[in-house]
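# Overview (structure and organization)
Listed here are the chains, written in short residue letters.
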Amino acid sequence: MRQIGRMTKTVLVLHAHPHPRSLTRHLATAASAELAAAGHRVLESDLYGMGWKAVFDGDDFRDRQDTERLSFISESGHAFTTGTQTADVQAEQEKLIAADAIVMQFPLWWFTAPAIVKGWIDRVFAFGFAYGYKGAGNRYRYGEGGLAGKRALLSVTVGGPEVDYGPRGINGPLEQLLFHITHGTLFFAGFDVMPTYAVYDAVGLEDASAATRGLATRLAGLFTDTPIPFRRQNDGDYPDRHTLGLHVATSLVGIDAHRR
């Protein structure tokens, strides 16, 4: 087994599938074992096993500033800064603070993560913690922020064949489908995001050994492989912090323009 970096790290393995014998659960268990065997500390968030509350609503705020109108940004920031977040949210934030990396293992459902994963992000990525860092609005985002310096890897099981997700595949390239998570969520909050690991034709897969070996290889490079080269907000490509400069990626638009 190739050593996963030279120094012991802490890795959060987050996974989401309701069936205990699913491929998702198998890969999450294998990832935890691989990381532990390499000497790393492994934290776990089994969202279905935890009975994670996926809906972000008024019940998340025990000490409302405004009882007439629910502003999620202001109430999220108030709860975070005053220590009045719910216990489950605070526990997940503590895992993220401790972690040097997060591995998110989930099935691709309707071209995205299961709703329970989105609910984890909605509730845990609080204002002042993952965005609105240092009380500076959007000053620190896309490569900077409260979670900067950490790494993230999506490990996704996909029911359809790989050809459907190729450059001209009917479903669209997988990395583009997951851009809202890799770029719009993880990189936004500061993570260095690794290229997605995908297991295709997952429906009815009888032998998971190749998928497990592939994941082990990716985990071996979790702290050494090159992240997706997203453009950082404050490195000069976005002069006004909103739009790419006229001199940048002049022949590209859309998602591709935001990669170096």
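Residues numbered from 1 in each chain as written. Predicted model: local features only at pLDDT ≥ 70, side-chain atom pairs only at ≥ 80, totals over all residues. Heavy atoms only, no water.

Moving on, we get to the overall build of the protein. Of the regular secondary structure elements, the protein holds 8 helices and 6 strands. Taking all 260 residues of the protein together, 49% fall into the buried category. Look at the contacts in the protein between residues 6 or more apart in sequence, and 75% of them connect residues 24 or more apart. Of the roughly 12800 Å² of accessible surface on the protein, a fraction of 53% belongs to carbon and sulfur atoms. When the 26 positive and 28 negative side-chain charges of the protein are each reduced to one mean point, those points stand 6 Å apart. (Helix = DSSP H or I, 4+ residues; strand = E, 2+ residues; numbered from the N terminus. Buried < 20%, exposed > 50% of the residue type's maximum accessible area, 1.4 Å probe, protein only. Contact = heavy atoms within 4.5 Å. Areas by Shrake-Rupley, 256 points an atom, 1.4 Å probe, with all protein chains shown as cover. Lys, Arg positive; Asp, Glu negative; His and termini not counted. Charge placed at Lys NZ, Arg CZ, Asp CG, Glu CD.)

Turning our eyes to something else, we now look at the confidence of the model for the protein. Residue-level pLDDT values for the protein average 95, and 98% of them are 70 or greater. Low pLDDT, under 50, characterises residues 1-5; the stretch is placed with 17 contacts to residues that sit more than four places away or in other chains. (pLDDT = per-residue confidence, 0-100.)

What follows is about helix H5 (residues 115-124). Of all 10 residues in H5, 7 are buried; the element is thus mostly enclosed. All of the buried residues along H5 are Ile116, Val117, Gly119, Trp120, Ile121, Arg123 and Val124. In this structure, the buried residues of H5 make contact with strand S1 (10-15), helix H2 (47-50), helix H4 (87-98), strand S3 (101-107) and helix H7 (179-187).

Bringing the pattern of salt bridges into the picture now. One pass over the structure, following the stated rule, counts 10 salt bridges. Among the ionic pairs, Arg64 bridges to Glu75, the shortest N-O distance being 3.8 Å. Here Glu75 lies in helix H3 (residues 72-82) and Arg64 lies in the loop between H2 and H3, a separation of 11 residues in the sequence. Residue class for Glu75 comes out buried when judged on its relative accessible area of 1%. Linked through salt bridges whose partners overlap, the residues forming this network are Lys53, Asp57, Asp60, Asp88 and Arg123. (Salt bridge = Lys/Arg side-chain N within 4 Å of Asp/Glu carboxyl O.)

Core analysis: the largest hydrophobic core is formed by 44 residues, its most contacted members being Leu96, Ile102, Val117, Trp120, Phe125, Leu186 and Phe191. Of all the secondary-structure elements, those providing two or more residues to this core are S1, H4, S3, H5, strand S4 (151-157) and H7. With 5 residues, H5 is the single largest residue contributor to this core. If sequence neighbours within four positions are ignored, Phe191 has contacts with Leu96, Ile102, Phe125, Leu147, Lys150, Arg151, Ala152 and Leu186. Core analysis: the next-biggest nonpolar cluster, separate from the first, contains 20 residues, Ala101, Val103, Ala211 and Phe223 among them. (Core = buried A, V, L, I, M, F, W, Y, C linked by side-chain atoms within 4.5 Å.)

Inspection of the secondary structure puts Gly51 in the loop between H2 and H3. Looking at Gly51, the relative accessible area reads 58%, which means it is exposed. Considering only alpha carbons, one finds Gly51 and Pro107, 56 residues apart in sequence, at a separation of 18 Å.

The next thing to look at is the layout of surface pockets. Volume-wise, the largest pocket comes out at about 350 Å³. What lines the largest pocket is a set of 19 residues, and nearest its centre among them are Lys118, Ile121, Asp122, Phe125 and Thr185. Those elements that place two or more of their residues in the lining of the largest pocket are H3, H5 and H7. With 5 residues, H5 is the largest single contributor of residues to the lining of the largest pocket. Its residues assigned to classes, the lining of the largest pocket shows 12 nonpolar, 5 polar and 2 charged. Along the wall of the second largest pocket there are 14 residues; nearest its centre are Pro107, Thr157, Gly159, Ala202 and Val203. Within the lining of the second largest pocket, the residues separate by chemical class into 8 nonpolar, 6 polar and no charged. (1 Å grid on protein atoms, 1.4 Å probe; cavity = no way out; pocket = protein on both sides within 12 Å on 5 of 7 lines; lining within 4 Å. Points joined across faces, edges and corners; volume = space filled by probe spheres on them. Nonpolar A, V, L, I, M, F, W, Y, C, P; charged D, E, K, R; others polar.)

The next thing to look at is the packing of aromatic side chains. For the structure on display, the rule yields 12 aromatic pairs. Taken together through their ring pairs, the aromatic side chains of Tyr142, Phe179, Phe187, Phe188 and Phe230 make up a single cluster. A cation over an aromatic ring shows up here: Lys9 above the ring of Phe223, its NZ or CZ 5.4 Å from the ring centre. Sitting above the plane of the Tyr140 ring, Lys134 keeps its charged end 5.0 Å from the centroid. (Phe/Tyr/Trp six-rings, centres within 6.5 Å; stacked < 30°, edge-to-face > 60°. Lys NZ or Arg CZ within 6 Å of the ring centre and 35° of its normal.)

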